[in-house]
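For reference, the chains in residue letters:
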Amino acid sequence: SSDLSSALNKHISNIKKIFTSGGKDQAIAECQSLVFLHPSNAPLRKLLAHMLAITGKPIQAAKQLEIGFELNPNDEELLFNLAISYRQGLAFAEALKFLSVYVEKYPTKLEGWGSLAECQFQLQLLPEALDSSSKAILLSNQESRIFYIRSKIYRSLKQYDEALSDLERAIQLQDKNLSYVFEYAEVTLTHQGRRFAKPFFEKTTQLQPTDY
């Protein structure tokens, strides 16, 4: 058994070398064969999923991780990566399903609530997205992206004062982020008009002078 695991580890290490030296398809094919032989080996399945994700196949990666999750339901990293792979493949309903499981199992994880809020927002589940993003902010008020996500939810709900307030916080935390300043300018334009929005649009051109 130890000889078998040593041989397997050697094979895995060889697959990683092939992948990093450019033989991506070959590495994936070899890893698929190994997964077929060792279906319940979680690290192997994670490796295959990782290579699939890197080569632009997030849904295939998610399918591998989904089988891995059925075999290893207490692997936190695997569950999170499964949900994120579906999200990267724009399969938001699938991502939502697994992120809901994730936040139930790990309710104190900021990234779980933040990612859940993003998926709910994409699916236009606005009250739920607002709730999830607020839970993420309760866990940490130092993550600019969570304030940015919640501002977009407020904007969709036409709660412009709240949207601007969240964007101010995001900009305080990361003042060179073009997306945040541009969003602030756009919300100000909708809410208060051109005269108020103009200085913020000017700021975006200063931040990114070559952006068409």
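Residues numbered from 1 in each chain as written. Predicted model: local features only at pLDDT ≥ 70, side-chain atom pairs only at ≥ 80, totals over all residues. Heavy atoms only, no water.

A.B. asks: Honestly, the overall build of the protein chain in this entry has me stumped. Any pointers?
C.D. replies: Within the protein chain, the secondary structure is distributed over 12 helices and 0 strands. Going from the N terminus to the C terminus, the protein chain shows its helices and strands as α-α-α-α-α-α-α-α-α-α-α-α. For the protein chain, whose C-alpha radius of gyration is 21 Å, the value lies well above the compact-globule estimate of 17 Å for 212 residues. For the protein chain, the C-alpha atoms occupy an extent of roughly 70 × 40 × 25 Å along the three principal directions. In the protein chain, buried positions account for 42% of the 212 residues. Contacts in the protein chain between residues far apart in sequence, at least 24 positions, make up 46% of those at least 6 positions apart. Accessible area for the protein chain stands at about 11,900 Å²; split by element, carbon and sulfur atoms hold 52% of it. (Helix = DSSP H or I, 4+ residues; strand = E, 2+ residues; numbered from the N terminus. Rg over C-alpha atoms; globule rule 2.2 N^0.38 Å. Buried < 20%, exposed > 50% of the residue type's maximum accessible area, 1.4 Å probe, protein only. Contact = heavy atoms within 4.5 Å. Areas by Shrake-Rupley, 256 points an atom, 1.4 Å probe, with all protein chains shown as cover.)

A.B. asks: Looking at this model, I keep getting lost on the pattern of salt bridges. Mind explaining?
C.D. replies: Pairing between side chains of opposite charge can happen when the charged atoms of each approach one another. On inspection of all chains with the given rule, the structure shows 13 salt bridges. Residue Glu77 pairs with Lys46 through a salt bridge whose shortest N-O separation is 3.1 Å. Note that Glu77 is positioned in helix α5 (residues 76-88) and Lys46 in helix α3 (residues 42-54), a separation of 31 residues in sequence. Looking at Glu77, the relative accessible area reads 47%, which means it is partly exposed. Between Glu202 and Lys198 there is a salt bridge, with the nearest N and O atoms lying 3.4 Å from each other. Of the two residues, Glu202 and Lys198 both sit in helix α12 (residues 194-207), 4 residues apart, roughly one turn of that helix. A cluster of three or more residues bridged by salt bridges with shared partners is formed by Lys152, Arg155, Glu183 and Glu186. (Salt bridge = Lys/Arg side-chain N within 4 Å of Asp/Glu carboxyl O.)

A.B. asks: How should I be thinking about the packing of aromatic side chains in this particular structure?
C.D. replies: To describe a pair of aromatic rings, you give the distance between the ring centres and the angle between the ring planes. In the structure shown here, the tally under the stated rule is 7 aromatic pairs. Consider the rings of Phe69 and Phe98, whose centres lie 6.3 Å apart with planes at 90 degrees: the pair is edge-to-face. Of this pair, Phe69 sits in helix α4 (residues 58-71) while Phe98 sits in helix α6 (residues 92-105), placing them 29 residues apart in sequence. Considered together, Phe69 and Phe98 belong to a single accessibility category, that of buried residues. With centroids separated by 5.2 Å and ring planes inclined at 50 degrees, the aromatic side chains of Phe80 and Tyr102 adopt a geometry described as tilted. In this pair, Phe80 sits in helix α5 while Tyr102 sits in helix α6, placing the two residues 22 residues apart along the sequence. Exposure remark for Tyr102: the relative accessible area of 1% places this residue in the buried category. Of note, Lys24 hangs over the ring of Phe19, and the distance from its end group to the ring centre comes to 5.2 Å. For Arg195, the ring lying beneath its charged end belongs to Phe196, and the centroid distance is 4.7 Å. (Phe/Tyr/Trp six-rings, centres within 6.5 Å; stacked < 30°, edge-to-face > 60°. Lys NZ or Arg CZ within 6 Å of the ring centre and 35° of its normal.)

A.B. asks: Just to check I follow, could you spell out the side chain of Arg45 for this structure?
C.D. replies: The residue Arg45 is located in helix α3 in this model. Buried charge without a salt bridge: Arg45, with Glu70 as the nearest opposite-charge side chain at an N-O distance of 8.7 Å. Among all residues touching Arg45, those that are not within four sequence positions of it are Val35, Pro39, Gln64, Ile67, Gly68 and Leu71. (Lys, Arg positive; Asp, Glu negative; His and termini not counted.)

A.B. asks: Mind showing me how you'd approach the packing of helix α7 (residues 110-122) against helix α8 (residues 126-139) here?
C.D. replies: When two helices pack together, their arrangement is given by the angle between the helix axes and by the axis-to-axis distance. With their axes 8 Å apart at the nearest point, α7 and α8 run at an angle of 160 degrees to one another. For the element pair α7 / α8, the angle class is roughly antiparallel. Remark: the crossing between α7 and α8 carries left-handed chirality. Only Leu126, Glu128, Ala129, Ser132, Ser133, Lys135, Ala136 and Leu139 of α8 make contact with α7, whose side of the interface consists of Leu110, Trp113, Gly114, Leu116, Ala117, Gln120 and Phe121. For the contact of α7 with α8, the class distribution of residues is 9 nonpolar, 4 polar and 2 charged. (Axes fitted to C-alpha atoms, helices over the stretch in contact; angles between N-to-C directions. Parallel < 35°, antiparallel > 145°, perpendicular 65-115°, else oblique. Left-handed = near helix turned anticlockwise from the far one by under 90°. Nonpolar A, V, L, I, M, F, W, Y, C, P; charged D, E, K, R; others polar.)

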